[in-house]
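Structural characterization, general
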Amino acid sequence: MLERACTHAAGPYAYENFEIEGRAYYTNNPPAGAFRGFGVTQTCFATETLLNEMAELVGISPWEIRYRNAIRPGGVLPNGQIVGAETGLVETLEAVKPYFDEAIKNGEPVGLACAMKNAGVGVGLPDWGRAKLIVEDDAKVHIYSGASCIGQGLGTVLTQMVVTNAGLSPDDIVYERSNTWIAPDSGDTSGSRQTLITGEACRRACEKLVEALEGRQLRDLIGSEFYGEYLAKTDPLGADVPNPVSHVAYGYATQMCVLDKETGRIKKLVAAHDVGKAVNPLSVEGQIEGGMVMSMGFALTEKYPIDENCKPTAKFGTLGLFKADQIPPEIKAIVVEKPGLDLANGAIGIGEITSIPTAPAIAEAYYQLDGRRRFTLPLDNTPYSKKK
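No experiment lies behind these values; they were computed from the predicted model shown. (Residues numbered from 1 in each chain as written. Predicted model: local features only at pLDDT ≥ 70, side-chain atom pairs only at ≥ 80, totals over all residues. Heavy atoms only, no water.)

Things to note about unusual backbone geometry
Looking along the chain, the bond that leaves Leu-377 and enters Pro-378 is cis, with omega of 0 degrees. Topologically, Pro-378 is positioned in the segment after α8 (358-370). A positive phi angle is found at Val-123, which is not glycine, with a value near 45 degrees. (Helix = DSSP H or I, 4+ residues; strand = E, 2+ residues; numbered from the N terminus.)

And the structure:
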């Protein structure tokens, strides 16, 4: 968590006069489970709130300060990494600009925030993707990978990878549930890594399958196996190299929140996400919508109180998980495709980043509503705040 917080703390911008020191402390707090963007979510809230303050001080809009300083292809991130041609932060800003301008024109309270998030474990750690394609007795290609599908649609992604790269029909393919019996280990389902890392391994396996298929049919290859693997090679933290590669790729996002002036509730959320190549656009939109709703709870309602002995004092039903009837009437998901990544057919993937810039965008909208900066989460004095 601390590493993610530090490597992403400056955000997706081109300034280099930045220094951060991270320290980990032992506590008796209850251990926490998985959360989209852990570490990055917290630092993004701080950094993006500061950017909004600075924009006001110099007399430009939150959109303008980000557009001027946005990292662009070939630029150097504050962590020293040179970003590739697939970098699409500017495109996400341009995608939300009409919605931002419309809200300003209508005099609506609107907040904006950006984020970046790594794809892959990175920072020099072993990061292997592995996949195996087996033509079985049914004359179909069976996909085996130890990568777990936990709601991100990995089975669909790998199936589409085979369709695209092997020139087969979906009817010719069977995605096998991940297992430890015959499927090769493909690492954790974490770090927003599976679409890119295991997707690239699957693509490499497809190259071997295509070569074997030349002049043949699948029935001629029954019993054949085609294996692909990919190592996402990165530099360790503190590596003594000019421009260390912290992660093989990043996704970028701009999110926007508009409040209803009368009720103070969220009227509209707009999110533009750079995903490289969208393997399944509908699935990507679903990830964006779900991630934003998750972070609305983080921003507005969720709290985990503990007493002086670090013992939880709340029951599950009172933790403030966001409810279905609190979801705003409009969530606009914009999928931005930016070519350039020479891996996994250009797919960077999407997962954690969908929850990262939501909270600061909401906080800025409330500042525009009542003129009060909020620096803690969940945000206080909103219509979503728990009544005492």
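Points about the layout of surface pockets
One number sums up the size of the largest pocket: a volume of about 1200 Å³. Of all the elements in the fold, those that place two or more residues in the lining of the largest pocket are α2 (40-58) and α7 (281-300). Looking at the lining of the largest pocket residue by residue, the class counts come to 17 nonpolar, 6 polar and 2 charged. (1 Å grid on protein atoms, 1.4 Å probe; cavity = no way out; pocket = protein on both sides within 12 Å on 5 of 7 lines; lining within 4 Å. Points joined across faces, edges and corners; volume = space filled by probe spheres on them. Nonpolar A, V, L, I, M, F, W, Y, C, P; charged D, E, K, R; others polar.)

Let's talk about the packing of aromatic side chains
By the definition in use, this model includes 6 aromatic pairs. Ring geometry for Phe-35 and Phe-298: centres 5.4 Å apart, planes at 50 degrees, overall tilted. Of this pair, Phe-35 sits in the loop between α1 (2-7) and α2 while Phe-298 sits in helix α7, placing them 263 residues apart in sequence. For the pair Phe-322 and Tyr-384, a centre-to-centre distance of 5.9 Å together with 35 degrees between the ring planes defines the contact as tilted. (Phe/Tyr/Trp six-rings, centres within 6.5 Å; stacked < 30°, edge-to-face > 60°.)

Brief notes about the side chain of Glu-108
Here Glu-108 is to be found in the loop between α4 (89-105) and β1 (110-119). When its relative accessible area of 15% is taken as the criterion, Glu-108 is described as buried. Of the polar contacts made by the side chain of Glu-108, one reaches the side chain of Lys-267; its length is 2.5 Å. In contact with Glu-108, not counting residues within four places along its chain, are Ala-103, Val-258, Leu-259, Lys-261 and Lys-267. (Buried < 20%, exposed > 50% of the residue type's maximum accessible area, 1.4 Å probe, protein only. Polar contact = N/O pair within 3.5 Å; in protein donor to acceptor, adjacent residues only side chain to side chain. Contact = heavy atoms within 4.5 Å.)

So, the sheet that holds β1
Taking strand neighbours across the sheet as the criterion, the 4 strands line up as β1-β6-β7-β8 in an open arrangement whose pairing is mixed. The open sheet is flanked by β1 and β8 (330-336), the only strands paired with a single partner. Taken pair by pair, the neighbouring strands of this sheet meet at an average axis angle of 15 degrees, ignoring direction. Sheet topology note: the β1/strand β6 (residues 249-259) ladder contains 10 bridges and is antiparallel. Along β6, the bridge assignment pairs Leu-112 with Met-256. The sheet contacts of α8 involve β1, β6 and β7 (266-274), and relative to β1 the element is tilted by about 170 degrees. (Pairing = 2+ DSSP bridges. Axes fitted to C-alpha atoms, helices over the stretch in contact; angles between N-to-C directions.)

Observations regarding the pattern of salt bridges
For the coordinates displayed, the defined rule picks out 20 salt bridges. Taking the shortest distance from any N to any O, the salt bridge between Arg-373 and Glu-56 comes out at 3.3 Å. In this pair, Arg-373 sits in the segment after α8 while Glu-56 sits in helix α2, placing the two residues 317 residues apart along the sequence. Owing to a relative accessible area of 46%, Glu-56 belongs among the partly exposed residues under this scheme. Here Asp-370 ties to Arg-374 by a salt bridge, and the two come within 2.6 Å at their closest N and O atoms. With relative accessibility at 4%, the residue Arg-374 sits in the buried group. What you see here is one network of salt bridges that share partners, running through Glu-200, Arg-203, Arg-204 and Glu-207. (Salt bridge = Lys/Arg side-chain N within 4 Å of Asp/Glu carboxyl O.)

Focus: the pairing of β1
The buried fraction of β1 is high, at 10 of 10 residues. Alternating residues of β1 divide into Val-110, Leu-112, Cys-114, Met-116 and Asn-118 and Gly-111, Ala-113, Ala-115, Lys-117 and Ala-119, and every residue in both groups is buried.

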